[in-house]
Amino acid sequence: MIDAVTDHGWQKEIFDALRAADVRQIAFVPDAGHSHVIREAVADPEIQDVVLTTEEEGVGVVCGAWLGGQRAVLLMQSSGVGNCVNAFSLLETCRFPFLTLVTMRGEYAEFNAWQSPMGRRTQAVLEFMGIRVYRADVPEQVGEVVGAALDSAFLAGEQVAVLLGQRLIGRKRWGGK
């Protein structure tokens, strides 16, 4: 079992910022680091929650929402960024505004060696694909960083990722050890 995130203050700030920016669709692969935002999205009748089988589907969902006149955000873990590389070409080619919030793995006190290679390369991969990267590592940064990313995506039309550092999310443990 992975330890649950217990302090939802910064996650509440994320959800409040998404609502204030009129985000109407939230696409996600279930992830403990995004659990509060996911629960709030599912409970909110004004937000369409879209459960994905793989992260690259979310790129299409976010682009489709924009074409349909709505703002959407993709929630994923850093390991999912590698799954999206081909789909990211859609963003550059069609110049869609795009925002993804990425919970980081493979950084601080990682117990799963399989998470480390992508965790070390997530920011570089996103930047290589032309996506602007912002990062929050402490709770006090989250609201400001997510607000800035929302403005960059939906007011300036940029493609943006916010990396939510593993120290922010908390140390993960497997099996209660």
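Rules of the game
- Residues numbered from 1 in each chain as written.
- Predicted model: local features only at pLDDT ≥ 70, side-chain atom pairs only at ≥ 80, totals over all residues.
- Heavy atoms only, no water.
- Core = buried A, V, L, I, M, F, W, Y, C linked by side-chain atoms within 4.5 Å.
- Buried < 20%, exposed > 50% of the residue type's maximum accessible area, 1.4 Å probe, protein only.
- Helix = DSSP H or I, 4+ residues; strand = E, 2+ residues; numbered from the N terminus.
- Contact = heavy atoms within 4.5 Å.
- Phe/Tyr/Trp six-rings, centres within 6.5 Å; stacked < 30°, edge-to-face > 60°.
- Axes fitted to C-alpha atoms, helices over the stretch in contact; angles between N-to-C directions.
- Parallel < 35°, antiparallel > 145°, perpendicular 65-115°, else oblique.
- Left-handed = near helix turned anticlockwise from the far one by under 90°.
- Nonpolar A, V, L, I, M, F, W, Y, C, P; charged D, E, K, R; others polar.
- Pairing = 2+ DSSP bridges.

Student: Whenever I open this one, the nonpolar core confuses me. Can you help?
Tutor: Looking at soluble globular proteins, one finds that nonpolar side chains tend to be buried together. The biggest cluster of nonpolar side chains holds 30 residues, and the ones touching the most others in it are Ile14, Ile26, Leu99 and Leu150. Looking at this core, the elements with two or more residues in it are α1 (9–20), β1 (23–28), α2 (35–43), β3 (71–77), β4 (98–103), α7 (139–154), β6 (159–164) and α8 (166–169). In terms of residues, this core owes the most to one element, α7, which gives 7 residues. Once you skip the residues sitting within four places of it in the chain, isoleucine 26 turns out to touch Leu18, Val37, Ala41, Ile47, Gln48, Asp49, Val50, Val73 and Leu75. Judged by nonpolar contacts, the second largest core, of 25 residues, contains Cys63, Val102, Val133 and Leu163.

Student: How should I be thinking about the side chain of aspartate 44 in this particular structure?
Tutor: Mapped onto the fold, aspartate 44 is located in the loop between α2 and β2 (48–51). Contact partners of aspartate 44, with chain neighbours within four places excluded, come to Phe15 and Arg19.

Student: What's the story with the packing of aromatic side chains in this structure? I'm lost.
Tutor: Each aromatic ring pair is characterised by the separation of its centres together with the angle its planes make. All told, the structure shown has 2 aromatic pairs when counted by the stated rule. Arranged with centres 6.0 Å apart and planes meeting at 70°, the rings of phenylalanine 88 and phenylalanine 98 form a pair that is edge-to-face. Here the residue phenylalanine 88 occupies a position in helix α5 (residues 85–94), and phenylalanine 98 occupies one in strand β4, the gap between them amounting to 10 residues. Considered together, phenylalanine 88 and phenylalanine 98 belong to a single accessibility category, that of buried residues.

Student: Where do I start with the side chain of threonine 103 in this structure?
Tutor: Within the secondary structure, threonine 103 is located in strand β4. Note on threonine 103: relative accessible area 2%, which makes it buried. If sequence neighbours within four positions are ignored, threonine 103 has contacts with Asp31, Gly33, His34, Met76, Gln77, Ser78, Leu164 and Ile169.

Student: It is not clear to me how the packing of α1 against α2 should be interpreted in this structure. Could you clarify?
Tutor: Axis angle and axis distance: for two packed helices, these are the angle between their axes and the distance between the axes, and together they describe the pair. As a packed pair, α1 and α2 sit with axes 8 Å apart at the nearest point and diverge in direction by 40°. Considering their axes alone, α1 and α2 lie oblique with respect to each other. Taken as a pair, α1 and α2 cross one another with a handedness that is right-handed. Counted together, Gln11, Lys12, Ile14, Phe15 and Leu18 of α1 and Ser35, His36, Val37, Glu40 and Ala41 of α2 form the full contact between these two elements. Of the residues in the contact of α1 with α2, the class split is 5 nonpolar, 3 polar and 2 charged.

Student: Explain the sheet that holds β4 here, please?
Tutor: Hydrogen bonds along the backbone pair up the strands of a sheet, which may run parallel or antiparallel. Read across the open sheet, the 6 strands follow the order β2-β1-β3-β4-β6-β5; overall the sheet is parallel. Whereas interior strands pair on both sides, the edge strands pair on one side only; in this sheet they are β2 and β5 (132–136). Direction aside, neighbouring strands of the sheet carry axes that sit 20° apart on average. One ladder, built from 4 bridges, connects β3 with β4; its direction is parallel. What sits directly across from glutamine 77, in β4, is threonine 103. In the packing of helix α6 (residues 116–128) onto the sheet, contacts are made with β4, β5 and β6, and the angle to β6 comes to roughly 175°.

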